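Structural characterization, general
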Amino acid sequence: MRTLARAASMQSQALSWRRSGHKIALVPTMGSLHAGHASLITRARKAVGPKGQVVVSIFINPTQFSPTEDLASYPRSERSDITLCKRRGANALFLPRLDEIYPDTNNVPFSTYVTEERLSQSMEGQSRPIHFRGVATVVSILLNIVQPTHAVFGEKDFQQATIVRKLIRDLKFPTRLVVSPTIREPDGLAMSSRNTYLTRRQRPHANILWRCINTARKAVRSRTTALTAPMLKRKLTRMIESTPEAELDYIEFFNPNTLIPLRRIQRSDRIALAVRFGKTRLIDNGKL
Ligand code: AMP
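Residues numbered from 1 in each chain as written. Predicted model: local features only at pLDDT ≥ 70, side-chain atom pairs only at ≥ 80, totals over all residues. Heavy atoms only, no water.

1. Side note on the pairing of strand S10 (residues 270-277)
The buried fraction of S10 amounts to seven of the eight residues, a majority that puts the element mostly inside the structure. In terms of strand pairing, strand S8 (residues 246-254) meets S10 through eight bridges, oriented antiparallel. Bridge pairing links Ala-246 to Phe-277 in S10. Here S10 pairs with strand S11 (residues 280-287) via eight bridges, running antiparallel. Its bridge partner lying in S11, Arg-270 is registered against Lys-287. Taken together, S10 and the strand that follows it, S11, pair antiparallel across an intervening segment of two residues, in which Gly-278 is found at a positive phi of about 60 degrees. (Buried < 20%, exposed > 50% of the residue type's maximum accessible area, 1.4 Å probe, protein only. Helix = DSSP H or I, 4+ residues; strand = E, 2+ residues; numbered from the N terminus. Pairing = 2+ DSSP bridges.)

Have a look at this one:
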């Protein structure tokens, strides 16, 4: 496995792979890799085949964090990340420094951003106003550097994956989006680099998001008459309020294509929620 730190070297390697007919799959991450990320690398290999090139990028992207968020404390584990990528058969690891992604040009700081203006309005976009501008910008930069035929994202961040799909279509990147299922701990908690922030007292309660998803799913599947979102939200809010240390940020029922919040819920819709445990903010989502 090659490790590349320079954007120019990564891009010329990628262009040379493309000229010689290789497929390239990009797995963008912020590091602190776990089994969820590992499953994306396996999915990337499946997408491009044994002769394709699988590139994992690790970059903690400051532009998607607001000043009050956890950029400074975001977990880092470069050594074990490198081992995981090697073991999963990645061909290259792109580990750029900040100024490789956001360089000054002729003494002028980085100043070009990408904003998706519709799908970014609800849920995470409402709770984290500059988040998706940062995501759309860094993803566009990474797609230009790595020139992937396939980009693999996790369903864990469903809104993000939906926005990236729209970005790829709107800006005409020659890349196919692959969305890979959420990997969970045995108790249902979605794996996340941020789970390491949970205290020993909080951890047993952290699967409340998964329990809410299942409760909503059961309610929707067992009822023949349509359910309304406010009814279900009240029920799930009570579940969260009775969970020690848990504090609800949002629960939303939405159409998976438009991400528009709904009142009347159908089985083809999805639920997403965000819950805080102290300073740790967890998100999850699922099909109903
Ligand atoms: P992150 O490092 O948290 O920015 O995530 C990098 C990629 O891994 C994103 O596409 C996430 O959706 C995906 N991901 C994170 N957690 C999981 C998980 N538990 N299962 C599957 N994919 C995940």
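Once the structure has been displayed, the description carries forward.
2. A few points about the site of the ligand
The environment of the ligand is made up of 17 residues, and the closest members are His-37, Gly-154, Asp-157, Ile-183 and Met-191. The separation between an oxygen atom of the ligand and a polar main-chain atom of Gly-154 is 2.8 Å. Within the side chain of Asp-157, one N or O atom sits 2.6 Å away from an oxygen atom of the ligand. Protein contacts shield 92% of the accessible area of the ligand, which totals 490 Å² for the unbound molecule. Where the shell around the ligand is concerned, the elements lending two or more residues are strand S2 (24-29), helix H2 (35-48) and strand S5 (150-154). (Near = heavy atom within 4 Å. Polar contact = N/O pair within 3.5 Å; in protein donor to acceptor, adjacent residues only side chain to side chain. Areas by Shrake-Rupley, 256 points an atom, 1.4 Å probe, with all protein chains shown as cover.)

3. Structural notes on the environment of Pro-50
Note on placement: Pro-50 falls in the loop between H2 and strand S3 (53-58). Judged by its relative accessible area of 79%, Pro-50 is exposed. As for Pro-50 and Ser-140, which are separated by 90 residues in sequence, their C-alpha atoms are 26 Å apart.

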